[in-house]
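Descriptive analysis of the structure
Take a look at the letters that make up each chain.
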Amino acid sequence: MPDAEKTRFAGVSRSVLSPDGKTLVVASNPLDNSIIIDGKRIDGSGSRIQLPGPIRVWDIASGKLKYELKKAYGAMAFSPDGRFFLTSRIIWKTSTGERLGSLPESNHIRSLSFSRDGRYLATAVSGDLIRVWEVATWTKQNEFKGHRDRLTTVTFGPGQRLFSGSMDTTVLAWDVFQ
């Protein structure tokens with residue numbers, strides 16, 4: 001982040017590197033004019049908030065900014081071939097930053113993971129649900145629930161195994177198509 005802009009942001013919230021190691025996507029949290037109580041930003045309901053900030057896409061070799069996405073936020077993941085990436089439910093073309101569409105998901109997405117072959121995307125969403133989407137059609141293929149607390153992460157393992165982690169300190173394994 002350029003030095004002149006560091007006073008406008010509360011720090012880097014997330015980053016993800018493309019599979020080929022050539023592109024880095026970085027999300028920042030902006031400072032805002034919210035009420036601050038005991039050092040915590042809150043909204044009118046007393047809840048902590050995270051405003052959408054810019055997502056910057058960097059060329060690793062040159063160190064130069066390729067483009068910036070305004071008001072994009074949330075979980076981030078690259079497709080295994082690196083042609084596109086997601087920020088929460090929005091699908092972006094890596095080479096240009098063109099918005100290609102959005103995942104038909106209404107819940108808050110906490111974590112994203114592509115299968116190794118790129119055919120499926122798993123999402124951990126509010127309501128403690130895990131959803132598996134077919135990438136070619138962006139249709140939901142399966143749904144799992146089983147953690148006793150908030151989901152924090154999902155990741156595909158070998159074969160069609162999916163692993164999920166939760167604030168309940170457990171990691172569960174799922175057979176995606178059984």
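Residues numbered from 1 in each chain as written. Predicted model: local features only at pLDDT ≥ 70, side-chain atom pairs only at ≥ 80, totals over all residues. Heavy atoms only, no water.

Secondary structure assignment for the protein yields 0 helices and 17 strands. Here the protein holds 178 residues, and the buried ones make up 42% of them. Put simply, 35% of the contacts in the protein that link residues at least 6 apart link residues at least 24 apart. For the protein, the exposed area adds up to about 9,800 Å²; of that, 50% sits on carbon and sulfur atoms. (Helix = DSSP H or I, 4+ residues; strand = E, 2+ residues; numbered from the N terminus. Buried < 20%, exposed > 50% of the residue type's maximum accessible area, 1.4 Å probe, protein only. Contact = heavy atoms within 4.5 Å. Areas by Shrake-Rupley, 256 points an atom, 1.4 Å probe, with all protein chains shown as cover.)

Our next topic: the sheet that holds strand β17 (residues 171-175). Read from one edge of the open sheet, 3 strands run β15-β16-β17, paired in antiparallel fashion. Two strands in the sheet have a free side with no partner beyond their single neighbour: β15 (151-156) and β17. Strand after strand, the sheet turns through a mean of 20° between neighbouring axes, direction not considered. One ladder, built from 5 bridges, connects strand β16 (residues 161-166) with β17; its direction is antiparallel. Considered in β17, the bridge of Phe-163 is made with Ala-173. (Pairing = 2+ DSSP bridges. Axes fitted to C-alpha atoms, helices over the stretch in contact; angles between N-to-C directions.)

Further remarks concern the sheet that holds strand β14 (residues 139-144). Taken in spatial order, the 4 strands make up an open sheet running β11-β12-β13-β14, and their pairing is antiparallel. Every other strand in the sheet has two partners, leaving β11 (109-114) and β14 as the edge strands with one partner each. On average, each strand axis in the sheet is tilted by 25° relative to the strand beside it, whichever way the strands run.

You will see that Ser-88, though not glycine, has its phi angle at about 60°, which is positive. Turning to its location among the elements, Ser-88 is positioned in the loop between β8 (84-87) and β9 (90-93). Residue Ser-88 is classed as buried on the basis of its relative accessible area of 7%. Phi angles above zero are rare outside glycine, and Asp-128 is one such case at about 60°. For Asp-128, the position within the fold is in the loop between β12 (120-125) and β13 (129-134).

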